[in-house]
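As a plain string of letters, each chain reads:
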Amino acid sequence: MISAQLRVAVPEENYHRDLISCQVACPVHTDARGYVRAIAAGRFEEAYLIARGPNPFASICGRVCGAPCEAACRRGKVPRVDDDGNFVATDRSVAIRALKRFVCEQFGPEIRPPEHVLDALRNFVPPVAGGADELAALLRSGVDAGLRVENGPAVAIIGAGPAGLSAAHDLALLGFHPVVFESEPVPAGMLYLGVPAYRLPREVIRREVEVIQALGVEIRCGITVGREVSLARLRRDFPAVILATGAKASRGLGLPGERGPRVYGGVDLLRAVALGGSLDLGREVVVIGGGNVAYDVARTVLRQIAWDTARTAARLPGTAAVKLVSLESLEEMPADTVEIIEGDEEGVERHNGWGPVEILRNGGGAVTGVRFRRCLRVYDENRRFSPVYDDSETMTVPCDTVLLAVGQAPVLTFVEDGGGDIEQVRPGWPKVDPGTLATTAPGVFVAGDLAHGTRLLIDAVASGKAAARSVYQYLTGRKLAPESTTVYLVEPGYRREKGYEAIRRVEPRVCPAPDRLRRPDALVELGYSREQAMREASRCLDCGVTPVFDGARCVLCGGCADVCPTLCLKLVPLSDLAETPEVRAAIQAALGPVEDLAEHSAILKDEDRCIRCAACAMRCPVDAITMERVSYRTTWRIA
Ligand SMILES: Cc1cc2nc3c(=O)[nH]c(=O)nc-3n(C[C@H](O)[C@H](O)[C@H](O)COP(=O)(O)OP(=O)(O)OC[C@H]3O[C@@H](n4cnc5c(N)ncnc54)[C@H](O)[C@@H]3O)c2cc1C
């Protein structure tokens, strides 16, 4: 009988490092595993410092980051098996974002008195430390003195969103004088203008930005480049300019009836609400879109209606309703599951699988409804957007207001005066060198959504930091290169918390649905208590620690495989392995020439199953298995 041969991967140099999937997945490579394990051990201050280290927006990320770390978390891939070894379900990832919020609430800038209170206190009891200045001083002390430039020149940054402010943060730490030009009356870009206050308190934004200002960053709000000052002028006055203007314009769909009163872009509505302005909203609102922004829009409108009703104490005509109509089926919707669930709980009326055809208006031009047709499929076999419709099935949703939440685009008209040498790949999108984020114009760089298209906040942060490094190189002529420090440690007697493998994910507390609409900024997610945080953190698999097998000591007793609770280890004859060049090389390196592969064995490990419990190491009668820890950090040095 010919048995199917097993295809295996042979660990390479960075194999174990790359298993720390949360850190690898984070665009700024935050050591999430490090701070989660510190929380589990009750070392909260250390956890905060790990979380804040590479990320100027740690407190905000703790509230709203899209959390690629969680999507990559290995705990979310571990199969749960019953007593007979049958697959039951996969486990759920560690709630890394909520844990970050927990430590930021203990030690982040949001817990400190506001700067004006500290200033007032300083007049009475000098010197009162704390607040943004203290954290800024701490951050400065961590910068390699060899990198810092003494009295570096001013750098212009257009846009005070997370990309622009992250670039400014790093440039200030490196000794430059960043000046950020922002058209809105407040800094923080979409974090303030887009993310609603029921998800992200304005005070958290203010405090986090205060720290960046305390580093010496100058933010000039209310200045639109292209209006109050030209790009040409900035390029004359500053040796380098970073364009970080994001993607602020709501995309349209070009539907008949789209132009005219009471059809708005979703982000325009969010901006108006964030800045305390008003839009002429009706009582029957249709939101078109199926992503997170559509939910931010729909849930914000619900709150506005509830708030207006409560304040006026009036019975306004008609029933108020917010209907969200999405092209995608429920399973395909790009919005996070939590948004869909919370939207349902709050009363967002969801209609899946419908594509808009026309916005209907009466003779006076007022919106009366939207006509939709059935969408049979949104994506093709290659996951490309390619909707297929059934024109015979249509529905008309009556409404008086339509909000479009179908994506955003940049506005780059300001480059007309002074940016003629900035090539665009298509209108509105500058041509960007992916390595340096440089445009085709000397001294002009790009960061954030404008550089890579709309993504997550943490992508904008990473991009801003990368732009700062490029400006540094451009202005100093000194090349920066990443330097990775990898540390390996043997962990004798490594043990895990009792029963950690069985703990179910602890969800952060949330405000009950009926209470959420009482005030537009009533926080939905309420976070963890200390006990909840430590319990959730103890679910982390500590992926940096892994069993390492010493073939020279192993007596092939198979005890490690027998004792493994997730059946992740397997002892097999070498002849069972598919002979790839890597496998051949590994056998050669370990054993030299081998005549009969069936006489030798290999231990195979299924990484998706291994929960780092150390049972194998404890069981091994000849100490052939050690638990070893790998951790790494990347810093930037002059090349
Ligand atoms: C509604 C909404 C909700 C979101 N929620 C989340 C979330 O929960 N989690 C997450 O991870 N990501 C979220 N995102 C994505 C995230 O906010 C963005 O990826 C991020 O803000 C992009 O950062 P940026 O700095 O590139 O651009 P922006 O944040 O858009 O900032 C650009 C700034 O440039 C300014 N500007 C533009 N033109 C000019 C000019 N000519 N002169 C001066 N200033 C100018 C703008 O006013 C703005 O302040 C959300 C996005 C939106 C729209």
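The present account deals with the structure reproduced in this document. All figures in this text were calculated on a predicted structure; none of them were measured in a lab.

1. Side note on the overall build of the chain
Part 1: Helix and strand content of the chain: 23 helices and 26 strands.
Part 2: Taken over the C-alpha trace, the chain has a radius of gyration of 28 Å; the compact-globule value for 639 residues is 26 Å, and the two agree within 12%.
Part 3: Per-residue burial over the chain gives 49% buried out of 639 residues.
Part 4: Looking at the chain alone, contacts between residues at least 24 apart form 73% of all its contacts between residues at least 6 apart.
Part 5: The averaged location of the 82 negative side-chain charges in the chain is 3 Å from the averaged location of its 76 positive side-chain charges.

2. Observations regarding the pattern of salt bridges
Part 1: If you walk through the whole model with that rule in mind, you get 53 salt bridges.
Part 2: With a shortest N-O distance of 3.3 Å, D91 and R539 are connected by a salt bridge. With a gap of 448 residues between them, D91 in the loop between β2 (87-90) and α7 (96-107) and R539 in the loop between α20 (530-537) and β23 (545-549) connect regions that are remote in the sequence. For the pair formed by D91 and R539, the shared burial category is buried.
Part 3: Of the charged contacts in the structure, one is a salt bridge between E184 and K248, with a shortest N-O distance of 2.6 Å. In this pair, E184 is assigned in the loop between β4 (177-182) and α11 (190-193) and K248 in the loop between β6 (241-243) and β7 (249-250), connecting sequence segments 64 residues apart.
Part 4: Take E184: its relative accessible area is 3%, and that puts it in the buried class.
Part 5: Overlapping salt bridges bring together R199, D296, R299, R303, E339, E342, E345, E346 and R516 as one network.

3. Concerning the packing of aromatic side chains
Part 1: Enumeration according to the criterion identifies five aromatic pairs in this entry.
Part 2: Each ring, one from F176 and one from Y472, has its centre 6.0 Å from the other, and the planes form 80 degrees; the classification is edge-to-face. A residue pair is termed long-range when its members are at least 10 positions apart, and F176 in the loop between α10 (162-173) and β4 and Y472 in helix α18 (residues 457-476) qualify at 296 residues.
Part 3: The class for Y472 is buried, based on a relative accessible area of 0%.
Part 4: Residues Y379 and F385 carry aromatic rings whose centres are separated by 6.3 Å and whose planes lie at 70 degrees to one another, so their mutual orientation is edge-to-face.
Part 5: When its relative accessible area of 54% is taken as the criterion, F385 is described as exposed.
Part 6: Its guanidinium or amino end placed over the ring of Y379, R383 lies 4.2 Å from that ring's centre, counting from NZ or CZ.

4. Things to note about the site of the ligand
Part 1: Around the ligand, a shell composed of 37 residues is seen, among which V64, E182, R199, K248 and D449 lie nearest.
Part 2: In this structure, M190 approaches the ligand through a main-chain N or O atom, which is 2.9 Å from an oxygen atom.
Part 3: Relative to its unbound accessible area of 990 Å², the ligand is 94% covered by the protein chains.
Part 4: Looking at the shell around the ligand, the elements that each hand over two or more residues are α10, β4, α14 (266-274), α15 (292-312) and α18.

5. A word on the packing of helix α3 (residues 32-40) against α20
Part 1: With their axes 7 Å apart at the nearest point, α3 and α20 run at an angle of 125 degrees to one another. As summarised for this structure, α3 and α20 are arranged oblique, according to the angle between their axes. The interaxial crossing formed by α3 with α20 has left-handed handedness. Between α3, through V36, R37, I39 and A40, and α20, the contact on the second element is made entirely by A533, M534 and A537.

6. Some thoughts on α7
Part 1: When the terminal C-alpha atoms of α7 are compared, their 17 Å separation across twelve residues agrees well with the 16 Å that a helix rising 1.5 Å per residue should span.
Part 2: Counting buried positions along α7 gives nine out of twelve residues, so the element sits mostly inside the fold.
Part 3: Restricting attention to buried positions, one finds in α7 the residues I96, R97, A98, L99, K100, R101, F102, V103 and C104.

7. What about the nonpolar core?
Part 1: In this structure, I39, I60, I96 and I242 are the most contacted members of the largest nonpolar core, which totals 89 residues.
Part 2: Not counting the four nearest positions on each side in its chain, I39 is found in contact with F44, A47, L99, F102, V103, A533, M534 and A537.
Part 3: The next biggest cluster of nonpolar side chains, apart from the first, holds 20 residues, and it includes Y264, L270, V287 and I305.

8. Considering the sheet that holds strand β12 (residues 354-361)
Part 1: What the three strands build is an open sheet, ordered β12-β13-β14; its pairing is antiparallel. Sheet topology places β12 and β14 (385-398) at the edges, where each strand pairs with a single neighbour. In this sheet, neighbouring strand axes are inclined to one another by 25 degrees on average, regardless of whether the strands run parallel or antiparallel.
Part 2: As defined by bridge partners, β12 adjoins strand β13 (residues 367-379) across seven bridges and the pair is classed as antiparallel. Bridge pairing in β13 places P356 opposite F372.

9. Details of the sheet that holds β23
Part 1: Across the sheet, three strands lie side by side as β20-β26-β23; this open sheet has antiparallel pairing. Each edge of the sheet is formed by a strand with only one pairing partner; in this case those strands are β20 (480-490) and β23. Strand-to-strand, the axes of this sheet are offset by a mean angle of 40 degrees, without reference to chain direction.

10. Considerations on the side chain of E536
Part 1: Mapping E536 onto the fold places it in helix α20.
Part 2: For E536, a relative accessible area of 0% translates into the label buried.
Part 3: Here the side chain of E536 touches A95 through a polar contact of 2.8 Å, landing on its backbone nitrogen.
Part 4: Ignoring any residue separated from it by four or fewer positions in sequence, one finds E536 in contact with S93, V94, A95, L99, R504, R505, V506 and Y528.

11. Let's talk about the side chain of T566
Part 1: Position of T566 relative to the elements: it lies in the loop between α21 (559-563) and β24 (569-573).
Part 2: For T566, a relative accessible area of 9% corresponds to the buried category.
Part 3: Reaching out from T566, the side chain makes a polar contact with the backbone oxygen of R609 at a distance of 2.9 Å.
Part 4: Apart from residues lying up to four places away in sequence, T566 is in contact with R609, C610 and I611.

Criteria and cut-off values
- Residues numbered from 1 in each chain as written.
- Predicted model: local features only at pLDDT ≥ 70, side-chain atom pairs only at ≥ 80, totals over all residues.
- Heavy atoms only, no water.
- Helix = DSSP H or I, 4+ residues; strand = E, 2+ residues; numbered from the N terminus.
- Rg over C-alpha atoms; globule rule 2.2 N^0.38 Å.
- Buried < 20%, exposed > 50% of the residue type's maximum accessible area, 1.4 Å probe, protein only.
- Contact = heavy atoms within 4.5 Å.
- Lys, Arg positive; Asp, Glu negative; His and termini not counted.
- Charge placed at Lys NZ, Arg CZ, Asp CG, Glu CD.
- Salt bridge = Lys/Arg side-chain N within 4 Å of Asp/Glu carboxyl O.
- Phe/Tyr/Trp six-rings, centres within 6.5 Å; stacked < 30°, edge-to-face > 60°.
- Lys NZ or Arg CZ within 6 Å of the ring centre and 35° of its normal.
- Near = heavy atom within 4 Å.
- Polar contact = N/O pair within 3.5 Å; in protein donor to acceptor, adjacent residues only side chain to side chain.
- Areas by Shrake-Rupley, 256 points an atom, 1.4 Å probe, with all protein chains shown as cover.
- Axes fitted to C-alpha atoms, helices over the stretch in contact; angles between N-to-C directions.
- Parallel < 35°, antiparallel > 145°, perpendicular 65-115°, else oblique.
- Left-handed = near helix turned anticlockwise from the far one by under 90°.
- Expected span 1.5 Å × (residues − 1).
- Core = buried A, V, L, I, M, F, W, Y, C linked by side-chain atoms within 4.5 Å.
- Pairing = 2+ DSSP bridges.

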